[in-house]
Amino acid sequence: MAQPILDRKDALPVDEGYDNDIKDIKEDFAVAPLDYDDPNRLPTDEERATLRLVSAPVPWAAYAIAIVEFAERASYYGCTGIFNNFIQRPLPAGGNGAGATPAGTQLTPGALGLGLKTATGLTTTFSFLAYIFPIFGGILADTKWGRYKTIVIGTAIGAVAHIILLIAAIPSIIHGGHAIVPFIISILILAAGTGMIKASVAPLMADQAPIQAQRITTLKTGERVILDPGVTTQNIMLIYYWSINLGAFLKLGTTFLAITRKALIKLPPRGSVVADSFRVGQVLISRAGVKTALKGGDDFWNSAKPSRIEADGGLKGKEARWIKWDDDFVDEIRRTFKAIFLPIFYLADGGLSTIQTSQAGSMTTNGAPNDLLSNFNPLTIIVMAPVLNYGVYPYLRKIGINFSPIRRIVAGYLFGAATMLVGALLQWRVYETSPCGYHATACKVGTTVSPLSVWAQLPLYVLPATSELLVNITSYEIAYTRAPQRMKGLVFAIVLFMNSLSSALVLIISPSFSDPNLIWPFVGIGCACVISAAVIWWLFHKMDDEEGSVTAIGTDRPIEDKPHVTDSEKA
């Protein structure tokens, strides 16, 4: 009987020259027999039912990569946060000529003066591309360059984009009416660079997890616990998301990327994974049919397995060598499909940012920038991520409450619905109290703004920040743990692609973003969030029942391409 490898360092060499396929690991690395007297061993079924799950220590290299992401996001959000005002509003009279307002006025910063619809169109297009390009970045990372090299190239592309963006912000360029061209070029390049980075950073961090299987350990307090790879991945993903929202010190982050090069676990690219995936899809549809595809189930997925194809006499018109995948690869793709969720949440989480910023411009600011409150989104995440990671989640596990992935996602959607409710009520009050009534956005009468304080918008940024930690982190966690090693970058990019779908939806409905109709986008998206929460629970709640077997790697399911320990072998 063989025991799966417990430590990633025992399973994977760190050296960059590692060229072995994952499937050869079990041949190249010895495994030890299961010793029930060994405290650092796989847990029994009884221990799994009674002992607390904890995270393994996170390696310093993962924290260093978090600093890289922390810096990249600073460069991204540091400029995108002002895009809406830069595009929508004109240069304020009496300002400094570069977009800033004169002191002591209710004026709003701006530069191009192209209006709300144009601002929504450009910023949403940028967001759409920034979440489309990770698909290509994930493919390149998985099949050609590897994650580390892809991140380095993406960083260089992003630097070029920022230089062009600086040109667009030069006062003489703005006054001459030429800023829009370099601005559009810069956001296209920035979206490409972002795509290279985003598909690879989180998987690279998760690759550093020191364990691949559950194992028993004893804490300093004497408590016996289970080190769990699922909890470890959740821990790493929360650190990743915290770093996104801390966002600073770009130069420091780039330095860390260089100095951690040798310490990182860098898995090699896998070659034809994407092509094989498309071929599997082609075989599934041709052999099982669309009707069976809609039903799913074992018969549908098994139809693409080489063992079934061989038993059925092969594929018509195809040579045997055309099939380059194995049965496990089909199972991996099937598992991956469960990592993808509906994009409606992202409409509630920043999808209406242009309306929210415009709404703030119609409220009393008393000199505060109308986009100031958007900073409370990352601030809330910076505070709440450690609270959840080191306080709430461990406490819930300790008292036996299973706040499982699907429950977290459903709760996040309901937070999103609450956000939209607040937004609709605020927009209604702005209309009711503005000197221009239901045409408040471009009001020029009296004070030009509603007496309602802009600080009333605070829940619009605090609530979705909390929901992000419930939905986004959980989606990333599921995407990483369920995706095959050879497709993690691509699958993670597909999860990010859900955000681009929400951007496409915003583009479709953005022509309606004008007075007096600005209440209804909040109402519609709020209702969609409630419906989506119900649909997700209905479709995926069984994943919660599976979660124990998915994260109990080494006992209920084999580690990817490692020997599987069955109950009979344990006995």
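Enquirer: Can you walk me through the overall build of the protein in this structure?
Expert: The helix and strand tally for the protein stands at 23 helices and five strands. Within the protein, the fraction of its 571 residues that count as buried is 53%. By sequence separation, contacts in the protein at least 24 residues apart represent 81% of the contacts at least 6 residues apart. Looking at the protein as shown, the accessible area adds up to about 24,300 Å², and 63% of this sits on carbon and sulfur atoms.

Enquirer: Explain the nonpolar core here, please?
Expert: Residues Phe183, Met237, Tyr240 and Leu469 are the most contacted members of the largest nonpolar core, which totals 55 residues. Of all the elements, helix 9 (residues 180-207) adds the most residues to this core, at 10 residues. Once you skip the residues sitting within four places of it in the chain, Leu469 turns out to touch Leu238, Tyr241, Ile381, Met384, Ala385, Leu388 and Tyr393. Ranked by size, the runner-up nonpolar core spans 37 residues in total, among them Leu347, Leu352, Leu426 and Ile525.

Enquirer: Would you take a moment to explain the environment of Ala360 for this structure?
Expert: Along the chain, Ala360 falls in helix 17 (residues 353-361). Its relative accessible area of 0% is what places Ala360 among the buried residues. Expressed as a C-alpha distance, the spacing of Ala360 and Val454, which sit 94 residues apart in the sequence, is 5.6 Å.

Enquirer: What is the right way to look at the state of the cysteines in this model?
Expert: In protein chemistry, a disulfide is the covalent bond that joins the sulfur atoms of two cysteines. Tallied over the entire structure, the rule returns one disulfide. The thiol sulfur of Cys529 is not disulfide-bonded, and the nearest other cysteine sulfur, from Cys527, lies at 9.4 Å.

Enquirer: Sorry if this is basic, but what is going on with the confidence of the model for the protein here?
Expert: Close reading of the predicted structure is inappropriate where its pLDDT is low. When pLDDT is averaged along the protein, the result is 75, and 75% of the positions lie at 70 or above. Predicted confidence in the protein is weakest over helix 2 (residues 25-28), with a mean pLDDT of 34, and strongest over helix 19 (residues 405-433), with 91. Low pLDDT (under 50) marks residues 248-259, which in the prediction has 22 contacts with non-local residues, meaning those over four places away or in another chain.

Enquirer: Even after reading the chapter, I still don't get the sheet that holds strand 1 (residues 53-54), so can you show me in this structure?
Expert: Strands belonging to one sheet form pairs held by backbone hydrogen bonds; the direction of such a pair is parallel or antiparallel. Strand order in the open sheet made by the three strands is 1-3-2, with mixed pairing throughout. Two strands in the sheet have a free side with no partner beyond their single neighbour: strand 1 and strand 2 (215-218). Pairing of strand 1 with strand 3 (residues 224-227), which is carried by two bridges, proceeds in the parallel orientation. Pairing of Leu53 across the sheet is with Ile226, part of strand 3.

Enquirer: Is there a simple way to think about the side chain of Thr233 in this case?
Expert: Following the sequence through the fold, Thr233 ends up in helix 10 (residues 229-246). Under the relative-accessibility criterion, Thr233 is labelled buried at 5%. For Thr233, the contacting residues outside a window of four places in its chain are Glu477, Tyr480 and Thr481.

Enquirer: Would you mind going over the packing of helix 6 (residues 116-145) against helix 7 (residues 147-168) with me for this structure?
Expert: Helix-helix packing is described using two parameters, namely the angle between the two axes and the distance between the axes. Taken N-terminus to C-terminus, the directions of helix 6 and helix 7 make an angle of 130°; their axes are 8 Å apart at the nearest point. When the axes of helix 6 and helix 7 are compared, the pair comes out oblique. In the packing of helix 6 onto helix 7, the handedness of the crossing is right-handed. Residues Gly137, Leu140, Ala141, Asp142 and Trp145 of helix 6 touch helix 7, and the partners they reach there are Arg147, Lys149, Thr150 and Ile153.

Enquirer: Help me understand unusual backbone geometry, please; the structure alone is not making it clear to me.
Expert: Negative phi is the rule for most residues except glycine; trans is the rule for most peptide bonds. Omega for the bond connecting Asp515 with Pro516 falls within 30 degrees of zero, at 5°, which places this linkage in the cis form. Locating Pro516 in the fold gives a position in the loop between helix 21 (488-509) and helix 22 (520-551).

Enquirer: So what exactly am I meant to see when it comes to the packing of aromatic side chains here?
Expert: The final tally for this structure, using the stated rule, is eight aromatic pairs. Arranged with centres 5.0 Å apart and planes meeting at 80°, the rings of Phe83 and Phe183 form a pair that is edge-to-face. Of this pair, Phe83 sits in helix 5 (residues 83-88) while Phe183 sits in helix 9, and the two are 100 residues apart along the sequence. One exposure class covers both Phe83 and Phe183, and it is buried. Here the aromatic rings of Tyr431 and Tyr438 are separated by 4.5 Å at their centres, their planes lie at 25°, and the arrangement is stacked. The structure contains a cluster of three or more aromatic residues connected by ring pairs, namely Phe83, Phe86, Phe126 and Phe183. A cation over a ring is seen here: Arg408 above Tyr393, with NZ or CZ 5.5 Å from the ring centre.

Enquirer: Honestly, the pattern of salt bridges in this entry has me stumped. Any pointers?
Expert: A side chain with one charge may pair with a side chain of the opposite charge, provided their charged atoms come close. For the coordinates displayed, the defined rule picks out three salt bridges. Between Arg52 and Glu223 there is a salt bridge; the shortest N-O distance is 2.8 Å. Residue Arg52 is located in the loop between helix 3 (45-50) and strand 1, and its partner Glu223 is located in the loop between strand 2 and strand 3; the two are separated by 171 residues in the primary sequence. Taking the relative accessible area as the measure of exposure, Arg52 reaches 19% and is therefore buried.

Enquirer: Honestly, a nonpolar patch on the surface in this entry has me stumped. Any pointers?
Expert: A cluster of nonpolar side chains, contributed by Leu379, Val383, Val387 and Val392, occupies part of the molecular surface with about 290 Å² of accessible area. Position of Val392 among the secondary structure elements: in helix 18 (residues 376-398). Here Val392 falls in the partly exposed class, since its relative accessible area comes to 32%.

Enquirer: Which parts of the structure should I look at to understand the side chain of Arg52?
Expert: One polar contact links Arg52 to Glu223, side chain to side chain, over a distance of 2.8 Å. In this structure Arg52 touches Leu219, Glu223, Val225, Ile226 and Lys398, once residues within four positions along its chain are discounted.

Enquirer: So what exactly am I meant to see when it comes to the environment of Leu414 here?
Expert: Along the polypeptide, Leu414 turns up in helix 19. Expressed as a C-alpha distance, the spacing of Leu414 and Leu463, which sit 49 residues apart in the sequence, is 10.0 Å.

Enquirer: Whenever I open this one, helix 9 confuses me. Can you help?
Expert: Residues three or four positions apart in an α-helix share a direction because the helix packs 3.6 residues into each turn. For helix 9, with 28 residues, the first-to-last C-alpha span of 41 Å sits near the 40 Å given by 1.5 Å per residue. Along helix 9, the largest kink reaches about 25° and is centred on Val201; proline Pro203 follows within four residues of it. Where burial is concerned, most of helix 9 is hidden: 21 out of the 28 residues are buried.

Enquirer: What's the story with the pairing of strand 3 in this structure? I'm lost.
Expert: Strand residues, when the strand is regular, have side chains that alternate between the two faces of the sheet. For strand 2 and strand 3, the ladder comprises four bridges, and the chain directions are antiparallel. Directly across from Thr217, in strand 3, lies its bridge partner Val225. Between strand 2 and strand 3, which follow one another and run antiparallel, lie five residues, and Gly222 among them has a positive phi close to 95°.

Criteria and thresholds
Residues numbered from 1 in each chain as written. Predicted model: local features only at pLDDT ≥ 70, side-chain atom pairs only at ≥ 80, totals over all residues. Heavy atoms only, no water. Helix = DSSP H or I, 4+ residues; strand = E, 2+ residues; numbered from the N terminus. Buried < 20%, exposed > 50% of the residue type's maximum accessible area, 1.4 Å probe, protein only. Contact = heavy atoms within 4.5 Å. Areas by Shrake-Rupley, 256 points an atom, 1.4 Å probe, with all protein chains shown as cover. Core = buried A, V, L, I, M, F, W, Y, C linked by side-chain atoms within 4.5 Å. Disulfide = S-S within 2.5 Å. pLDDT = per-residue confidence, 0-100. Pairing = 2+ DSSP bridges. Axes fitted to C-alpha atoms, helices over the stretch in contact; angles between N-to-C directions. Parallel < 35°, antiparallel > 145°, perpendicular 65-115°, else oblique. Left-handed = near helix turned anticlockwise from the far one by under 90°. Phe/Tyr/Trp six-rings, centres within 6.5 Å; stacked < 30°, edge-to-face > 60°. Lys NZ or Arg CZ within 6 Å of the ring centre and 35° of its normal. Salt bridge = Lys/Arg side-chain N within 4 Å of Asp/Glu carboxyl O. Patch = residues over 30% accessible without salt bridge, like charges linked within 9 Å, V, L, I, M, F, W, Y side chains within 5 Å. Polar contact = N/O pair within 3.5 Å; in protein donor to acceptor, adjacent residues only side chain to side chain. Expected span 1.5 Å × (residues − 1). Bend = angle between axes of the 7 residues up to and from the residue.

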